[in-house]
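# Architecture and fold: a report
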Amino acid sequence: MRIVIIEDEIKAAKSLAAMIAAIRPTANIVASIQSVESAVNFFSTNEQPDLVFMDIQLSDGLAFEIFESVQLRCPIVFCTAFGEYALDAIKANGIDYILKPFSKEEVQKAFEKVDNLKNFFQQNAQPDLSGLLAKIGAANKGKESFLVFKDNKYITVQTEQIAFFHIRYDTTTIMTFQGQSYPLTQSMETVQEQLSPRQFYRLNRQYLVNFKAIKEVEHYSARKLFVKLVLPTPDELLIGKEKTTAFLEWLGDR
């Protein structure tokens, strides 16, 4: 563990270094700094340590001025004779705040907090965001094709070729842009779950339509909407007034 001590009182710095050596013999104190200016110079030109023990009132100002010039990503243990800076210390990566004169036990507890923090982030590692985004993208894209059986043959129909799904004689049926129909063994609810909600919309119980298949939408009586597709449908496609707002939002969300 690489440690930096920021303390303007040389005697206090040496005492703290001795405590650290007794508690963590393998720790390496890479620098002992006395001022804000020296701290800024050090952190600007060196690799960040694993931990910083920092006094607040230094010879040339408050330690918080360091953060105005450099960004510290490591945990910090603030060591001071004054208690009024606790809130500012918490905002500045402070994981502990010990008051002078502090004891070896208090420094030991500070190390324990550092260890607990490290173990927490190791056990709760960040997820693979790229993989997660890829899965989300795949889910939003929806199913790419459907396997159908017609005329004693299995055929794969690409989803992008499907103008709409509709229920015909209690059977979910595919209708392509080319006017070809194929029966499915799945329910309309199951089909809907597999499709991109951005690409397909459930107009009513019987029809699930592709955005690209919609030609125009007209106002109908009683605040309903009449939907026309680019190819004829067996039934009029009407949307009740309770769904008109949601449908128009879906149409406009491109």
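In this convention, every chain numbers its residues from 1, walking through the sequence in written order. Given that the model is predicted, a residue must reach a pLDDT of at least 70 before its local features are reported, and side-chain atom pairs must reach 80 or more before they are shown or counted; all residues, however, enter totals for whole chains, interfaces and linings. Water and hydrogen atoms were dropped before computing side-chain values, which therefore reflect all heavy atoms in the structure.

### Some words on the overall build of the protein
- What the protein contains, in helices and strands, is seven helices and 17 strands.
- Here the term buried applies to any residue with accessible area under 20% of the maximum for its type, exposed to any over 50%, and partly exposed to those in between, with areas from a 1.4 Å probe on protein chains only. The 254 residues of the protein split such that 37% are buried.
- Any two residues whose heavy atoms approach within 4.5 Å at even a single point are treated as in contact. Within the protein, residue pairs in contact and separated by at least 24 positions form 49% of the contacts whose partners lie at least 6 positions apart.
- Surface accessibility of the protein: about 15200 Å² in total, with carbon and sulfur atoms responsible for 51%. Here a strand is any run of E in DSSP of at least two residues, a helix any run of H or I of at least four, and the numbering for each starts at the N terminus. Where accessible areas are quoted, they stem from the Shrake-Rupley method and a 1.4 Å probe; at the residue level, only the protein chains shown are allowed to cover.

### Some remarks on helix α1 (residues 10–23)
- With 14 residues, α1 extends 20 Å between its outermost C-alpha atoms, agreeing within 8% with the 20 Å of an ideal straight helix rising 1.5 Å per residue.
- Along α1, the residues classified as buried are Ala-13, Leu-16, Met-19, Ile-20 and Ile-23. Down the axis of α1, the buried side of the element spans an arc of 125°, and every buried residue falls inside it. Summarising the geometry of α1, the exposed residues directed more than 90 degrees from the buried face are Ile-10, Lys-11 and Lys-14. The span you would expect from a helix comes to 1.5 Å times its residue count less one. The directions considered for the arc run from the helix axis to the C-beta atoms.

### Section: the sheet that holds strand β12 (residues 181–183)
- Note: two strands are recorded as paired if DSSP finds a minimum of 2 bridges between them. Strand order in the open sheet formed by five strands is β12-β11-β10-β14-β13, and the pairing between neighbours is antiparallel. Every interior strand has two partners, whereas the edge strands, β12 and β13 (200–202), have only one. Sheet twist, expressed as the average angle between the axes of neighbouring strands with direction ignored, equals 20°.
- Bridge count between strand β11 (residues 171–176) and β12: three bridges; the pairing is antiparallel. The residue bridging Ile-174 from the neighbouring strand is Tyr-182, located in β12. To obtain an axis, a line is fitted to C-alpha atoms, over the contacting stretch when the element is a helix, and the angle between two such axes runs from 0 to 180 degrees between their N-to-C directions.

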